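Fold and geometry: a report
The lines below spell out each chain.
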Amino acid sequence: MEILNRILGEIKITFLHFKERSKNKYYGDRFEEWVVKSSNISKDGSNNSNFWKLLEWRGDKYIEGYRPLSSSSPDLLMECISDKSVFYTSQERIAVECKWRSKKNFFLDEKCIIKYAKLWNLENEYINYINNECSFCNTLVDRIVTGKAEYKDDECAVACEPYSSWIIEADERAQSVIAFCKLNMGAKFAESVLPYRERKVKILNGVHTMSVLAGYNAGFKIVRDMINDKAFKAYIDKGLNEEIIKTIDLDENELKAFANSVIERFNNLFIDHKLLDISLNSVAKFKARCLCSLLDYYNKFGKIPSVLSFSFAALINFYENFENKDYPVNDVESVLHFFKAKHNDIVFDVLANVGFWGEDLTKIDGLYKKVKAYFDDIKSLGISTAMEKLLDE
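Residues numbered from 1 in each chain as written. Predicted model: local features only at pLDDT ≥ 70, side-chain atom pairs only at ≥ 80, totals over all residues. Heavy atoms only, no water.

Quick look at the overall build of the chain
The number of helices and strands found in the chain is 17 helices and nine strands. Counting across all 393 residues of the chain, residues that qualify as buried make up 39%. Nonlocal contacts in the chain, meaning residues at least 24 apart in sequence, comprise 61% of its contacts between residues at least 6 apart. As presented, the chain carries roughly 23,800 Å² of accessible surface, and 51% of it is formed by carbon and sulfur atoms. (Helix = DSSP H or I, 4+ residues; strand = E, 2+ residues; numbered from the N terminus. Buried < 20%, exposed > 50% of the residue type's maximum accessible area, 1.4 Å probe, protein only. Contact = heavy atoms within 4.5 Å. Areas by Shrake-Rupley, 256 points an atom, 1.4 Å probe, with all protein chains shown as cover.)

Right, dumping it as structure tokens:
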């Protein structure tokens, strides 16, 4: 019994150890790695075409509340090794603090800057400068840029779509000096970027995720061809105007104008946006882009939306038994492992997977029944005929 209790105690300690270092620690480490790999740092410290030499990389070490003082120092210490910079001199050093945040709608604001200024014992002049002279403008940019354009008169030219949107959350001081919002270029001041972020995620990104898996299984390869199909165009219009837009707290005419611009962007003759490329990590994308609309619609109207439920069924159909299909399914290992396993009722098991959705969706009245019915239609009739049946409801 003593040995058993000791084993159980060790298991408990191990569980608590990894619980503290779970998802946030994992993503924090991955973010630091991305910053290092993306900062033009020399691998061996030599001055080739690189800009920085990495002097220190302080990982955050801790256990059960014990933390070294070094964990309060910036994560990266780098030294300039280039003589081509107009901003830094050779051997000048900078410190970089990497912060990955799991919170939805997290923004780095004045309080965060002041917190680190005090932690690093910076001068009061700097803190007064932040308090009195700086504005923190959260922004949201939406424009597809396809790459460098070849213009002999402008070496910095890039090719982009006609549509542009730049939402800027700014105080009066910032608004007084940001002059380009007066031009007709898509820039706009707003009290908050959050409704516009919701608009972009639910409409632009949501329509992609709502349609591309069904579209690929219906035989389409790129977005433009899918959007020009009569049935898919009706499917997208129905999902947009009757379901998604109804869940967003912005002016309805403005939302419909944005939705129309999205359809126009999908029709861009110069962009062959492949459906399989968009299908990457579709389970996580569905949660972030479509499930939010589905749940908001249910909570607002007390019923299950049809098109979003059909898209849920299409997602399950796309992933189910993927190893025996003639297309690649690209997702994280945990998702692929789940779909490799045998399921007596794949729809129920997917909806009940708290790891995917953050909750058991089978507990939402009517959702399982609706998704299961659409899934059965897809299996027995095929995607296209099942979609036509949906549109006739």
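Once the structure has been displayed, the description carries forward.
Overview of helix 17 (residues 383-391)
What sets the pattern is the α-helix's 3.6 residues per turn: residues three or four places apart point alike. For helix 17, every residue scored as buried is listed here: Ile 383, Ala 386, Met 387 and Leu 390. Along the axis of helix 17, the buried positions cluster into a sector of 100°, meaning they face one direction only. Those residues of helix 17 that are buried lie in contact with helix 6 (194-217), helix 8 (230-244), helix 12 (306-319) and helix 16 (367-381). (Arc of directions from axis to C-beta.)

Details of the environment of Phe 189
Assignment of secondary structure puts Phe 189 in strand 9 (residues 187-189). For Phe 189, a relative accessible area of 23% corresponds to the partly exposed category. Spatially, the C-alpha atom of Phe 189 lies 6.7 Å from that of Ala 170, the residues being 19 residues apart in sequence. Dropping the residues within four chain positions of it, Phe 189 is found in contact with Ile 168, Ala 170, Gln 175, Ile 178 and Cys 181.

Thoughts on the nonpolar core
Proteins that are soluble and globular tend to have nonpolar side chains buried together. One finds Ile 203, Phe 312, Ile 316 and Phe 339 to be the most contacted residues of the largest nonpolar core, which totals 69 residues. When residues of this core are assigned to their parent elements, the largest contribution, 10 residues, is made by helix 12. Leave out the neighbours within four places in its chain, and Ile 203 touches Glu 198, Leu 240, Ile 244, Ile 245, Ile 248, Leu 255, Phe 258, Ala 259 and Val 262. If you look at the next biggest cluster of nonpolar residues, it comprises 10 residues, including Val 36, Phe 51, Leu 76 and Cys 80. (Core = buried A, V, L, I, M, F, W, Y, C linked by side-chain atoms within 4.5 Å.)

Examining the pattern of salt bridges
Summed over all chains, the structure comprises 16 salt bridges. Measuring nitrogen to oxygen at the nearest pair gives 2.7 Å for the salt bridge that ties Lys 202 to Asp 296. Highlighted residues: Lys 202 in helix 6 and Asp 296 in helix 11 (residues 282-301), separated in sequence by 94 residues. Given a relative accessible area of 2%, Lys 202 falls into the buried group. Shared partners join several salt bridges into a network, and the residues in it are Lys 53, Glu 79 and Arg 93. (Salt bridge = Lys/Arg side-chain N within 4 Å of Asp/Glu carboxyl O.)

Details of the pairing of strand 5 (residues 138-142)
The two faces of strand 5 differ: Asn 138, Leu 140 and Asp 142 on one face are buried, but Thr 139 and Val 141 on the other face are not. Pairing of strand 5 with strand 8 (residues 165-169) involves five bridges; the strand directions are antiparallel. Residue pairing for strand 8: Val 141 is matched across the bridge by Trp 166. (Pairing = 2+ DSSP bridges.)

A word on a nonpolar patch on the surface
Taken together, Leu 119, Trp 120, Leu 122, Tyr 126 and Tyr 129 make up a surface patch of nonpolar side chains, about 440 Å² in accessible area. Among the secondary structure elements, Tyr 129 is positioned in helix 4 (residues 124-133). (Patch = residues over 30% accessible without salt bridge, like charges linked within 9 Å, V, L, I, M, F, W, Y side chains within 5 Å.)

Points about the sheet that holds strand 4 (residues 93-96)
If you trace the four strands from one edge of the open sheet to the other, you get 1-2-3-4, paired in mixed fashion. The strands lining the two open edges of the sheet, one partner per strand, are strand 1 (41-42) and strand 4. Pairing of strand 1 with strand 2 (residues 52-57), which is carried by two bridges, proceeds in the parallel orientation. Each residue of the ladder has a partner; that of Ser 42, found in strand 2, is Lys 53.

Overview of the packing of helix 8 against helix 9 (residues 252-266)
Between helix 8 and helix 9, the least distance of the axes is 11 Å, while the angle of their chain directions is 155°. Judged on the interaxial angle alone, helix 9 and helix 8 are roughly antiparallel. Note on packing geometry: the crossing formed by helix 8 with helix 9 is right-handed. Contacts from Lys 233, Ile 236, Leu 240 and Asn 241 in helix 8 reach Lys 256, Ala 259 and Ile 263 in helix 9. Residues belonging to the contact of helix 8 with helix 9 are distributed by class as follows: four nonpolar, one polar and two charged. (Axes fitted to C-alpha atoms, helices over the stretch in contact; angles between N-to-C directions. Parallel < 35°, antiparallel > 145°, perpendicular 65-115°, else oblique. Left-handed = near helix turned anticlockwise from the far one by under 90°. Nonpolar A, V, L, I, M, F, W, Y, C, P; charged D, E, K, R; others polar.)

Quick word on the sheet that holds strand 8
Spatially, the three strands line up as an open sheet ordered 5-8-9, and their pairing is mixed. Of all the strands in the sheet, just strand 5 and strand 9 have a single pairing partner and so form its edges. Across this sheet, the average inter-strand angle for adjacent strands is 15°, counted without regard to direction. Across the sheet, helix 6 is in contact with strand 5, strand 8 and strand 9; its angle to strand 5 comes to roughly 25°.

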